[in-house]
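Architecture at a glance
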Amino acid sequence: MEISAWRQTDQPVNSLANHFLIAMPSLHDSNFSRSVTVICHHDTEGAMGIIINQPLDLTVTELFSEAALPTEKLTHPEHPVCYGGPVQTDHLFTLHDCSSEWESTLKINDNLSLTTSPDFLESLSSGKFSCEYMLALGYAGWGACQLEAEILENSWIYAMIDNDIIFNTGAAGRWEAAARLAGIDLNRIASYSGKA
């Protein structure tokens, strides 16, 4: 997947890029139940993001070993790789706070980018860059107006991204932590939604 595919149109003023998309308890879709997604791109054509709280049974070390990359100088070698979403699950995506640009990088904000470049992984394995990062297989995607419609159906809430939740909060705590950024205590919300 080429990052450039998400640079073709300008993001509208009401874009949810640079936001956490947080599943409401009433959302029971197996891919998104209790999920937190970093929205990386959102425009009139649709949206894409990376789920950050569904760890796979695969560590960074194991993934790098499978790719025949050195692991001795890796930071966070035992961190799990995440399930990033149901689209292109054979593609690897990296969320990171490094300021350098790589061959295929989408800048989400001044402190967070999404990269699919093999050269970024090579730099991590060589120890050239010490940065916070999260690896994910696959991404989540929505067609034109689909995400907006789901928000109107009370499937999601959203809040501005906080890197501390991505990189320093355990996966099990990210859903509730992200919701608190939106002023929501998910423990007080019943697992159904209604309309007045």
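Because the structure is a prediction, the values reported are computed rather than measured.

As for the nonpolar core
Among soluble globular proteins, nonpolar side chains are generally buried collectively. Within the largest apolar cluster, 44 residues are counted, with the highest numbers of intra-cluster contacts made by Phe20 and Val38. Element by element, the count of residues in this core is highest for strand E9 (residues 133-142), at five residues. Grouped together as the second largest cluster of nonpolar side chains are 16 residues, Leu121, Cys131, Tyr133 and Leu137 included.

Regarding the pattern of salt bridges
Under the definition given, this model contains two salt bridges. The partner of lysine 107 in a salt bridge is aspartate 110, and the shortest N-O contact between them spans 3.3 Å. On the basis of relative accessible area, lysine 107 is assigned to the partly exposed category, the value being 48%. Taking the relative accessible area as the measure of exposure, aspartate 110 reaches 66% and is therefore exposed. A salt bridge links arginine 188 to aspartate 185; its shortest N-O distance comes to 3.3 Å. By relative accessible area, arginine 188 is classed as exposed at 73%. Of the residues examined, aspartate 185 reaches a relative accessible area of 36% and is grouped as partly exposed.

Notes on helix H5 (residues 174-181)
Since there are 3.6 residues in each turn of an α-helix, residues three or four apart along the chain are aligned in direction. Of all the positions in H5, only Arg174, Trp175, Ala177, Ala178 and Ala179 are classed as buried. On its buried face, H5 sits against strand E1 (19-23), strand E2 (36-43), strand E5 (80-83), E9, strand E10 (156-160) and helix H4 (163-168). Backbone geometry just downstream of H5 places glycine 183 in the positive-phi region, at approximately 80 degrees.

Here we look at a negative patch on the surface
The grouping of Asp57, Glu62, Glu66 and Glu78 at the surface amounts to a negative patch. With respect to the secondary-structure elements, glutamate 78 resides in the loop between helix H1 (60-66) and E5. Look at glutamate 78 and you get exposed, because its relative accessible area is 56%.

Topic: the packing of aromatic side chains
The full count for this structure, using the stated rule, is four aromatic pairs. With 6.1 Å between their ring centres and 80 degrees between their planes, tryptophan 142 and tryptophan 156 make a pair best called edge-to-face. Linking tryptophan 142 in strand E9 with tryptophan 156 in strand E10, this pair joins segments that are 14 residues apart in sequence. Considered together, tryptophan 142 and tryptophan 156 belong to a single accessibility category, that of buried residues. By the ring-pair criterion, three or more aromatic residues cluster together here, those being Phe32, Trp142 and Trp156.

Looking at the confidence of the model for the protein
Taken over all residues, the pLDDT of the protein has a mean of 88, while the share at 70 or more is 88%. The lowest-confidence element of the protein is helix H2 (residues 118-126), averaging 87 in pLDDT; the highest-confidence one is E5, averaging 98. This stretch, residues 1-9, has a pLDDT under 50; its non-local contacts, to residues over four places away or in other chains, come to 24 contacts. For residues 191-196, every residue scores under 50 in pLDDT, and the model assigns this stretch 11 contacts once sequence neighbours within four places are set aside.

Conventions and cut-offs
Residues numbered from 1 in each chain as written. Predicted model: local features only at pLDDT ≥ 70, side-chain atom pairs only at ≥ 80, totals over all residues. Heavy atoms only, no water. Core = buried A, V, L, I, M, F, W, Y, C linked by side-chain atoms within 4.5 Å. Buried < 20%, exposed > 50% of the residue type's maximum accessible area, 1.4 Å probe, protein only. Helix = DSSP H or I, 4+ residues; strand = E, 2+ residues; numbered from the N terminus. Salt bridge = Lys/Arg side-chain N within 4 Å of Asp/Glu carboxyl O. Contact = heavy atoms within 4.5 Å. Patch = residues over 30% accessible without salt bridge, like charges linked within 9 Å, V, L, I, M, F, W, Y side chains within 5 Å. Areas by Shrake-Rupley, 256 points an atom, 1.4 Å probe, with all protein chains shown as cover. Lys, Arg positive; Asp, Glu negative; His and termini not counted. Charge placed at Lys NZ, Arg CZ, Asp CG, Glu CD. Phe/Tyr/Trp six-rings, centres within 6.5 Å; stacked < 30°, edge-to-face > 60°. pLDDT = per-residue confidence, 0-100.

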